[in-house]
Amino acid sequence: MKIGSRLGFGFFLIFLFLFSLILFSINRMNLLSEQTERMYNHPLSVSNAVLRINADIIKIHRSMKDIALAEDTTLIEADSIIVDTLEKEVYSDFEIINERFLGENAKYIIALNLFKQWKPIRDEVIALMLARHKRKAADITRGKGADHVVKIEIAMETLGNFAGQKAIEFRDTAGFTRDRAFNTIYLLLLLSIVSCVSVALYILRSITRPMEVVKNATSRIGEGDLDTVINIDSDDEINELADSINKMSENLKRITASRDELNDEIETRKQVEQALIQSSEKLAEQFAELINIYNSSPLGLCLVDKDLRYVRINEALANMNGKSVAEHVGRTIREIVPEIADNVEKPFLNAMQTGEPQLNIEIRGATPAEPDVVHNWILGCYPVKTNDDKLLGIAAVVQNVTEIRTAEKELMEERKFTDTAIDTQIDTFFLFDPNTGQAIRWNKQFRDISGYSDEEIANMKAPDSYYSPEDLKNTAATINNVMTSGSGKAELDLICKDGKRIPFEYVVSTVKDDANNVRYFISIGRDITARKQAEEILNNTLDELARSNAELENFAYVASHDLKEPLRSISGFTDLIVRRYKGKLDKDADDFFGFITDGTNRMGQLIDDLLAYSRISTAKKEYTLVDLNIVLKKVIATLSLDIKKTKAEICIDELPSVSSNSIQMEQLFQNLISNAIKFSKDEILQIKVSAAKEQNEWVFSVSDNGIGISHEHNHKIFDMFQRLHPRSTYEGTGIGLAICKKIVDLHGGKIWVESESGKGSTFYFTLPA
């Protein structure tokens, strides 16, 4: 083979090695960059969005609790604005998840729908608080609101776990690609250097050895040994040169050598030398391209010698350290990053001593780039050796993983918070696989109440191990409904380890997989022993109340017949005595007869009032829509004589129609208006009846300008037999206002008075709208 061909073939091999190395490096770097970008742009952004959503949901739930405890409408509105703001942030993060989530959209849709379903609950709580139904709002917040928060958190945990798994997969793939790429690059680089050196040595040896033979022969010829013959076993230009020299030697003998042939050979050598120079320049250009790739890598790359001095470093690592590339070269690791030098030098020294790569070494600390900020890096060290296995230095790859570690830490803290929230709730929590009965998660409350240890619960089959077959059979329909609807309630007796049966009310919900199949059951149970006992007491009380009402009806009958019969006899005989003997006995006897008559009349009135009072509660409730304007007309007609006698002025505003008992409404208004007439002053009596709607009830008022009531008596006037004035001044039994209170109570309202002595009175009462 000709020298030119050999040189061309050799340089072609060198170019091929270098070109393959460059292409492979570019491909692996692009793949690594793409995988790193996917990891940051997809799973990590989804995980961060999930974490933010969980945090916002907790804030929203906390704000809802503040709303449920708020005493002021202003605070409720302020917390509502906070809830709306957080809700917008949650929807924004849901958009990020929808855009970048790599799994099936079913998980995302479940989480989003759960959050949307939570909004009506929040709106209901806010509406109830604005309507001053604090207890109902608090019950919804602790009940449906808290349950829905758990559902959302579980759905978000599913999204977060999936994104986390994707992040780990991308990270592992990127790490594997990075390690394999660099190992292959270094191997190809080493093979390229060895191959280049080998080809160069082979070419040089194939040229220099025959040239040495030619040189020695020409020296002898130059010294005058024209019989020298050059023997070269090759088929190239040097062989031709040897032949030419042999011929020249022969021609010299005959003095017939041609100088032109010698000049041609010299020219050929010049061309060969020029080709070598051009190949060297091309190799230098390719090496420069490789250096550019090295310097532009997003990963930190460097090469240090055996004294741990930087020989080469790229821009990425120089920026991490906070020094320029020029400031690194020739300086030791300790001089550049003294704060973390101990931890950084150790893997370099281990690689030197063992000759083996030191991979995935995590370093934590601060560099001059950000002295007050602690970062996390992953470091890999690779020994660089010569062909004879002599150590030249250590090559290193550095990656900043601070954000990844921060995200992992936040995820662990969130998981810890969730576990703490589950374990500290007063209700039992149990998550299990309905197909296998395997328990997945339970809280401390379930373990403590059941009496089973964690190991026993893990090995028991749910729900058969905890409930009787009879209870499970009775609740089978409810469980089947949960399988289709996703949630439901059931009451079962929990069978504890010691055999004790405790009644529980369970709220059961499901967790479904991507194919919409039920994967898990979530059971949240509340001990209803106290409620069961209260229901039993209530039932007994209702039975006793029914018996008492029956006795009261008998008493009313006795009062209206048996008691009034002897009273009529006393009254009748007293009237006979008065008609027969009045004026015939002394004056004291006439007064005594008057006292007896007055007493029997008051006793009859008292019995009638007691009978009316008892009939209010014993009478059957027959509520209809009653026009109170018509009721007031009947009352005014009934009291027309008293109104004319006192010349009272009665003003009645337009009144509503309410669901009530018309007869009891007449009693109510008649008692209030007749009281106003009874307790009037010498001036013209003015009575006003009005009504105003407030939220879900009507507030009625009956006001007058009469004698009024002292503050200390405002509450006791509604009690039975309470009189504030002597009978000689104002007649009555003291039962009228008690009847009013009982009527209002039976209609679900309340009654009170606002009055001052000498300044009139206003009686207020409410009825449901």
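Reading the values: rules and limits
Residues numbered from 1 in each chain as written. Predicted model: local features only at pLDDT ≥ 70, side-chain atom pairs only at ≥ 80, totals over all residues. Heavy atoms only, no water. Helix = DSSP H or I, 4+ residues; strand = E, 2+ residues; numbered from the N terminus. Buried < 20%, exposed > 50% of the residue type's maximum accessible area, 1.4 Å probe, protein only. Contact = heavy atoms within 4.5 Å. Areas by Shrake-Rupley, 256 points an atom, 1.4 Å probe, with all protein chains shown as cover. Axes fitted to C-alpha atoms, helices over the stretch in contact; angles between N-to-C directions. Parallel < 35°, antiparallel > 145°, perpendicular 65-115°, else oblique. Expected span 1.5 Å × (residues − 1). Salt bridge = Lys/Arg side-chain N within 4 Å of Asp/Glu carboxyl O. Pairing = 2+ DSSP bridges. Phe/Tyr/Trp six-rings, centres within 6.5 Å; stacked < 30°, edge-to-face > 60°. Lys NZ or Arg CZ within 6 Å of the ring centre and 35° of its normal. Core = buried A, V, L, I, M, F, W, Y, C linked by side-chain atoms within 4.5 Å. Polar contact = N/O pair within 3.5 Å; in protein donor to acceptor, adjacent residues only side chain to side chain. Patch = residues over 30% accessible without salt bridge, like charges linked within 9 Å, V, L, I, M, F, W, Y side chains within 5 Å. Left-handed = near helix turned anticlockwise from the far one by under 90°. Nonpolar A, V, L, I, M, F, W, Y, C, P; charged D, E, K, R; others polar. pLDDT = per-residue confidence, 0-100. 1 Å grid on protein atoms, 1.4 Å probe; cavity = no way out; pocket = protein on both sides within 12 Å on 5 of 7 lines; lining within 4 Å. Points joined across faces, edges and corners; volume = space filled by probe spheres on them.

Points about the overall build of the protein
For the protein, the helix and strand inventory stands at 23 helices and 17 strands. Across the 769 residues in the protein, those meeting the buried criterion constitute 39%. When contacts within the protein are restricted to residue pairs at least 6 apart in sequence, those whose partners lie at least 24 apart make up 61%. Put simply, the protein shows about 43,600 Å² of open surface, and 54% of that area lies on carbon and sulfur atoms.

A look at the packing of helix H3 (residues 73–100) against helix H4 (residues 105–130)
Between H3 and H4, whose axes approach to 12 Å, the crossing angle comes to 170°. What the angle tells us is that H3 and H4 run roughly antiparallel. Contact residues: H3 offers Thr73, Ile76, Ser80, Val83, Glu87, Val90, Tyr91, Phe94, Ile97 and Asn98, while H4 offers Asn105, Tyr108, Ala111, Leu112, Phe115, Lys116, Lys119, Arg122, Ile126, Met129 and Leu130.

What about helix H12 (residues 402–424)?
Counted at 1.5 Å a residue, the expected span for H12 with its 23 residues is 33 Å, and the 33 Å between its end C-alpha atoms agrees. Residues of H12 that are buried: Thr402, Ile404, Ala407, Glu414, Thr418 and Ile422.

Some remarks on the environment of lysine 144
As for its placement among the helices and strands, lysine 144 is situated in helix H5 (residues 134–222). With 26 residues separating them along the chain, lysine 144 and tryptophan 118 place their C-alpha atoms 8.8 Å apart. The contacts of lysine 144, once residues within four sequence positions are left out, are Ile121, Glu124 and Asp139.

Considering the pattern of salt bridges
Following the criterion strictly, the structure yields 21 salt bridges and no others. Arginine 447 is the salt-bridge partner of aspartate 454, the closest N and O atoms lying 3.3 Å from each other. Here the residues in one salt-bridge network are Glu491, Glu505, Arg531, Lys532 and Glu535, joined through shared partners.

Considering the sheet that holds strand E8 (residues 487–495)
Reading across the sheet, the five strands line up as E7-E6-E10-E9-E8 and stay open at both edges, with antiparallel pairing between neighbours. A strand with exactly one partner marks an edge of an open sheet, and here the two such strands are strand E7 (439–442) and E8. Strand-to-strand twist in this sheet, taken as the mean axis angle between neighbours without regard to direction, amounts to 25°. Two elements, strand E6 (residues 428–432) and strand E10 (residues 518–527), share five bridges in a ladder whose sense is antiparallel. Note on E10: the bridge partner recorded for phenylalanine 430 is serine 523.

So, the side chain of asparagine 376
Secondary-structure assignment places asparagine 376 in strand E4 (residues 375–385). Setting aside its immediate chain neighbours within four residues, asparagine 376 contacts Glu362, Ile363, Arg364, Gln399, Asn400, Val401, Thr402 and Arg405.

What about unusual backbone geometry?
The linkage connecting alanine 462 with the following residue, proline 463, adopts the cis geometry, with an omega of -5°. Considering the arrangement of structural elements, one finds proline 463 in the loop between helix H14 (454–459) and helix H15 (469–474).

With respect to the packing of aromatic side chains
Here the structure, examined in full by the defined rule, presents 13 aromatic pairs. Ring plane angle 80° and centroid distance 6.0 Å describe the contact between tyrosine 452 and tyrosine 466, whose orientation is recorded as edge-to-face. Residue tyrosine 452 is found in the loop between helix H13 (444–450) and H14, and its partner tyrosine 466 is found in the loop between H14 and H15; the two are separated by 14 residues along the sequence. Their ring planes at 65° and their centres at 6.5 Å tell us that tyrosine 466 and tyrosine 467 sit as a pair that is edge-to-face. Just as tyrosine 466 is buried, tyrosine 467 falls in that class too. Members of the aromatic cluster, joined through ring pairs, are Phe430, Phe432, Phe446, Tyr452, Tyr466, Tyr467, Phe504, Tyr506 and Phe521. Here the basic side chain of lysine 750 rests over the ring of tryptophan 752, its NZ or CZ set 5.7 Å away from the ring centre.

Let's talk about the nonpolar core
Core analysis: the largest hydrophobic core is formed by 37 residues, its most contacted members being Leu628, Phe669, Ile673, Phe700 and Phe765. Counting only elements with at least two residues in this core, the list comes to helix H20 (628–638), helix H22 (662–678), strand E14 (686–694), strand E15 (697–704), helix H23 (736–746), strand E16 (751–755) and strand E17 (761–768). Top contributing element to this core by residue count: H22, with seven residues. Non-local contacts of leucine 628, meaning those with residues more than four positions away in its chain, are made with Leu655, Pro656, Val658, Met665, Phe669 and Phe700.

A short note on the sheet that holds strand E3 (residues 358–365)
A sheet is described by the order of its strands in space; here five strands give the open sequence E2-E1-E5-E4-E3, paired in antiparallel fashion. Both edges of this open sheet fall to strand E2 (310–313) and E3, since each of them pairs with a single strand only. Neighbouring strand axes in the sheet, compared pairwise and without regard to direction, differ in orientation by 25° on average. Pairing between strand E1 (residues 300–304) and E2: three bridges, direction antiparallel. Looking across to E2, one finds that valine 304 is bridged to tyrosine 310. With respect to the sheet, helix H11 (residues 341–354) is in contact with E1, E3, E4 and strand E5 (391–400), its orientation differing from that of E3 by roughly 160°. Packing of H12 onto the sheet brings it into contact with E3, E4 and E5, and relative to E4 it is tilted by some 135°.

Describing H22
Between the first and last C-alpha of H22 there are 24 Å, a value that for 17 residues agrees with the 24 Å anticipated at 1.5 Å per step. Burial in H22 covers these residues: Gln664, Met665, Leu668, Phe669, Asn671, Leu672, Ile673, Asn675, Ala676 and Ile677. Put simply, asparagine 661 is the residue that caps the front of H22, since its side-chain oxygen is 3.0 Å from the backbone nitrogen of isoleucine 663.

Some details on the pairing of E4
Residues in a regular strand point their side chains to alternate faces of the sheet. Most of E4 is tucked away, with eight of its eleven residues classed as buried. For E3 and E4, the ladder comprises six bridges, and the chain directions are antiparallel. By the bridge assignment, glutamine 358 is partnered in E4 with cysteine 381.

A closer look at a nonpolar patch on the surface
A surface patch of nonpolar side chains, amounting to about 260 Å² of accessible area, comprises Ile193, Val197 and Leu201. Looking at where isoleucine 193 falls in the secondary structure, it is placed in helix H5. Taking the relative accessible area as the measure of exposure, isoleucine 193 reaches 46% and is therefore partly exposed.

Section: the packing of H20 against H22
Between H20 and H22, the shortest axis-to-axis distance is 9 Å and the interhelical angle comes to 50°. What the angle tells us is that H20 and H22 run oblique. Classified by chirality, the crossing of H22 by H20 is right-handed. From H20, Leu628, Val631, Leu632, Lys634, Val635, Ile636 and Thr638 reach across to H22, where they touch Met665, Glu666, Phe669, Gln670 and Ile673. Taken together, the residues of the contact of H20 with H22 break down into eight nonpolar, two polar and two charged.

Some details on the confidence of the model for the protein
Per-residue confidence for the protein averages 79 on the pLDDT scale, and 80% of its residues sit at or above 70. Note that residues 725–730 has pLDDT below 50 and, in this model, ten contacts with residues that lie over four places away or in other chains.

A closer look at empty space enclosed by the protein
Counting across every chain of the model gives four cavities of 30 Å³ or more. Estimated volume of the largest cavity: approximately 180 Å³. Along the wall of the largest cavity there are 16 residues; nearest its centre are Leu317, Asn321, Ile340, Val344 and Val398. Elements with a contribution of two residues or more to the lining of the largest cavity: helix H8 (315–321), H11, E4 and E5. Of the residues contributing to the lining of the largest cavity, the split by class is 14 nonpolar, two polar and no charged.

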